[in-house]
Amino acid sequence: MVATEMALAVCYPFAGNLGGGGFMVYRKSDGETGTLDYREKAPLRASKAMYLDENGNPDSKLSREGSLAVAVPGNIAGMFKINEKLGTLPMSRLLEPSIDLAKRGFMITAKQANMLNHFQKKFLEVNKDSILFSRQFANGDTLKNYALANTLERISENGLTEFYGGESGKILIEFLSNYGGIVSLQDLKDYDAVWRQPIEFDYKNLKVISMPPPSSGGIVLGQILKSLEKYDLKDLGHNSVKYIQLLTEAERRAYADRSFYLGDPDFVDIPVDSLLDSEYLSQRMLDFSFEKATNSDDIEPGSIIGYESDETTHYSIIDQFGNAIAATTTLNGAYGSKLYSNELGFFLNNEMDDFSAKPGVPNMFGLIGAEANAIAPGKRMLSSMTPTIVEKDGNLWMSLGTPGGSTIITSVSQTILNVYEFDMTMQEAVDAPRFHHQWKPDEITFETIGFESHVLDSLRRLGYKAVQQNSKILGKVDGILRLPNQKLEGGADHRGDDTAVGF
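Structure report, in brief. (Residues numbered from 1 in each chain as written. Predicted model: local features only at pLDDT ≥ 70, side-chain atom pairs only at ≥ 80, totals over all residues. Heavy atoms only, no water.)

**Concerning the overall build of the protein**
At step 1: When you go through the protein residue by residue, the secondary structure sums to 17 helices and 18 strands.
At step 2: Relative to a compact globule of 503 residues, whose C-alpha radius of gyration would be 23 Å, the protein shows 22 Å and is just as compact.
At step 3: Overall, the protein is about 60 × 60 × 45 Å in size when its C-alpha atoms are taken along their principal axes.
At step 4: Taken over 503 residues, the protein has a buried fraction of 60%.
At step 5: For the protein, the accessible surface area stands at approximately 19,200 Å², while carbon and sulfur atoms represent 49% of it.
At step 6: Averaging the coordinates of the 49 positive side-chain charges in the protein and doing the same for the 67 negative ones gives two points 2 Å apart. (Helix = DSSP H or I, 4+ residues; strand = E, 2+ residues; numbered from the N terminus. Rg over C-alpha atoms; globule rule 2.2 N^0.38 Å. Buried < 20%, exposed > 50% of the residue type's maximum accessible area, 1.4 Å probe, protein only. Areas by Shrake-Rupley, 256 points an atom, 1.4 Å probe, with all protein chains shown as cover. Lys, Arg positive; Asp, Glu negative; His and termini not counted. Charge placed at Lys NZ, Arg CZ, Asp CG, Glu CD.)

Below is the structure:
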């Protein structure tokens, strides 16, 4: 896992990173489970109103581009923490392949070239100078990153403190300060990745193990799946009108609860048990009817007795001993804040945009947040990342996850259902067409391929706003399924440069 994450930091600058953070869920072969939160944190100098103009309205550019968008990175702390608890090799050994990769160079894919070329103007605008990536790229080009190799070598030699207060940390803080940033050396020294109890819930005879807050993934995934339990989904038919209706209504209610209740558990009390209570979820679905759409304006967060970045990356691993991990990591937006340190060799995140700059106002991906996700010094911002492991009949069955911002949770839920309810292979399940609803805006987003017009027309007649955006991609799911004969089947999403490899 650590070697994979560090290799992504070299060859997938779009979302792989040293300048961001992520989440990991694990299940050991003996059944022990856990999660690691290496999500970024708000700097100590951050404030609730830091992105509001004189009229009290959010200035979205400040939270999305440049130095003020940058939160304290957690990736390196996460890798050291994971290796300390679960690893068997020294970090110096695990970093070797990535150092070599950075020096030797990696090949740019066609999709990478297109994305890098798309952002050329923005890279120059934000950095006010040329950077390693501010040139035209073509499919098959080799890119060498000596600055990143040097940074990784220093971390390899000096350990965790190299990044969180050592030479590399000081270079980072000076760089951010020169661009007007507020992350301090103290922020780096204070940062720590946190082990958390996973969200665990049952869906029929599956046990789902997923990420707890500050990820909304586990709770919202649980609410969606548990809201569907009493329905015969196979009888409804995969991606039929009624199936889409049912999932949409479950998603609508879960995302409404997300907006109000969820945030950093170190700062706010989250009613986890109540949100996942079967009776509560049944009550939430009482006003659903197959006869017509529910209006999102009529759905408020439940009474208990925003759109987020698509540019994330996920990988799943199951080893020869039966240990499994699911890990999702991100810079938030594509290439994060677009701010790049030529001396250190990596982009910085723009995770501050995942806070609610102003309660009730959508973030860059349309997700609405409340007071629970307001900015505070040292606080972790809410995320949709949903690395997930599933047991079936008490045994390891699946590891999966995806990038996709607010669409992560719905993509993961539909993939699990594709295999469990519709008997798809892992590859068929990740490739199947997907749809998404997130409460507000009140619309169902469909991928452009795979949904027949008569299905969309039927939904519109029922009062749903069905939207097919040009070339819209909903997630890039990667998963591993353990088959009854104990062989492993990988599913690598055709939507990305993804691949499945056995060893």
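From this point on, the discussion continues.
**Quick notes on the side chain of Ser413**
At step 1: Checked against the element boundaries, Ser413 lands in helix H15 (residues 408-420).
At step 2: By relative accessible area, Ser413 is classed as buried at 0%.
At step 3: Excluding residues within four positions of it along the chain, Ser413 makes contact with Leu221, Ile224 and Leu225. (Contact = heavy atoms within 4.5 Å.)

**A short note on the side chain of Asn145**
At step 1: With respect to the secondary-structure elements, Asn145 resides in the loop between strand S4 (142-143) and helix H7 (146-158).
At step 2: Since its relative accessible area comes to 3%, Asn145 is described here as buried.
At step 3: Setting aside residues no more than four positions away along its own chain, Asn145 makes contact with Ala102, Leu132, Tyr340 and Gly345.

**Here's the deal with the nonpolar core**
At step 1: Core analysis: the largest hydrophobic core is formed by 76 residues, its most contacted members being Leu233, Met398 and Phe446.
At step 2: Once residues lying within four places of it in the same chain are set aside, the contact partners of Phe446 are Ile244, Arg434, Phe435, Phe451, Leu456, Leu459, Ala466, Val467, Gln468, Gln469 and Lys472.
At step 3: Residues Val70, Leu152, Tyr164 and Phe175 belong to the second largest nonpolar core, which totals 63 residues. (Core = buried A, V, L, I, M, F, W, Y, C linked by side-chain atoms within 4.5 Å.)

**Observations concerning the environment of Lys242**
At step 1: Position of Lys242 among the secondary structure elements: in helix H12 (residues 241-261).
At step 2: C-alpha of Lys242 to C-alpha of Glu291: the two residues are 49 residues apart in sequence and 9.6 Å apart in space.

**Considerations on the pairing of strand S6 (residues 199-203)**
At step 1: Because side chains alternate across S6, one face comprises the buried residues Ile199, Phe201 and Tyr203, and the other comprises Glu200 and Asp202, none of which is buried.
At step 2: In this sheet, strand S7 (residues 206-210) lies alongside S6 in antiparallel orientation, the contact comprising five bridges. If you follow Glu200 over to S7, its bridge partner there is Ile209.
At step 3: Hairpin connection between S6 and S7: a loop of two residues separates the two successive antiparallel strands, and Lys204 in this loop has a positive phi of roughly 55°. (Pairing = 2+ DSSP bridges.)

**Let's talk about helix H4 (residues 91-104)**
At step 1: Helix length check: H4, at 14 residues, gives a terminal C-alpha distance of 20 Å against a target of 20 Å (1.5 Å per residue), a fit within 8%.
At step 2: A bend of about 25° at Pro97 is the largest found in H4.
At step 3: Buried residues in H4 make contact with helix H1 (2-11), helix H3 (75-86), strand S3 (106-107) and H7.
At step 4: Looking at the residues trailing H4, positive phi occurs at Gly105, about 100°. (Expected span 1.5 Å × (residues − 1). Bend = angle between axes of the 7 residues up to and from the residue.)

**Some thoughts on the pattern of salt bridges**
At step 1: On inspection of all chains with the given rule, the structure shows 31 salt bridges.
At step 2: A salt bridge links Asp287 to Arg253, with the shortest nitrogen-to-oxygen separation between them at 2.8 Å. With Asp287 in the loop between helix H14 (278-284) and strand S8 (312-318) and Arg253 in helix H12, this pair connects stretches of sequence that are 34 residues apart.
At step 3: Judged by relative accessible area, Asp287 falls into the partly exposed class, the value being 49%.
At step 4: Linked by salt bridges that have partners in common, Glu249, Arg252, Arg253, Asp287 and Asp442 make up one network. (Salt bridge = Lys/Arg side-chain N within 4 Å of Asp/Glu carboxyl O.)

**Concerning the sheet that holds strand S18 (residues 488-492)**
At step 1: Across the sheet, which stays open at both edges, the six strands sit in the order S6-S7-S12-S13-S17-S18 with antiparallel pairing between neighbours. Sheet topology places S6 and S18 at the edges, where each strand pairs with a single neighbour. With direction set aside, neighbouring strand axes in the sheet form an average angle of 20°.
At step 2: As paired strands, strand S17 (residues 478-482) and S18 are joined by five bridges and run antiparallel to one another. Considered in S18, the bridge of Asp478 is made with Ala492. (Axes fitted to C-alpha atoms, helices over the stretch in contact; angles between N-to-C directions.)

**Some details on empty space enclosed by the protein**
At step 1: The volume enclosed by the second largest cavity comes to roughly 60 Å³.
At step 2: As for the second largest cavity, its lining consists of 13 residues, of which Ala9, Pro13, Gly345, Phe346 and Phe347 are closest to the centre. (1 Å grid on protein atoms, 1.4 Å probe; cavity = no way out; pocket = protein on both sides within 12 Å on 5 of 7 lines; lining within 4 Å. Points joined across faces, edges and corners; volume = space filled by probe spheres on them.)

**Quick notes on the packing of aromatic side chains**
At step 1: Per the stated rule, a full pass over the model turns up 26 aromatic pairs.
At step 2: Aromatic side chains Tyr164 and Tyr191 sit 5.8 Å apart centroid to centroid with 15° between the ring planes, which places their arrangement in the stacked category. Here Tyr191 lies in the loop between helix H9 (185-190) and strand S5 (194-196) and Tyr164 lies in the loop between H7 and helix H8 (167-178), a separation of 27 residues in the sequence. Each member of the pair Tyr164 and Tyr191 is classed as buried.
At step 3: Put simply, the rings of Tyr12, Phe14, Phe119, Phe123, Phe133, Phe137, Tyr335, Tyr340 and Phe347 touch in pairs and so form one group of aromatic residues.
At step 4: Cation over ring: Lys242 sits above Phe290, and NZ or CZ is 5.3 Å from the ring centre. (Phe/Tyr/Trp six-rings, centres within 6.5 Å; stacked < 30°, edge-to-face > 60°. Lys NZ or Arg CZ within 6 Å of the ring centre and 35° of its normal.)

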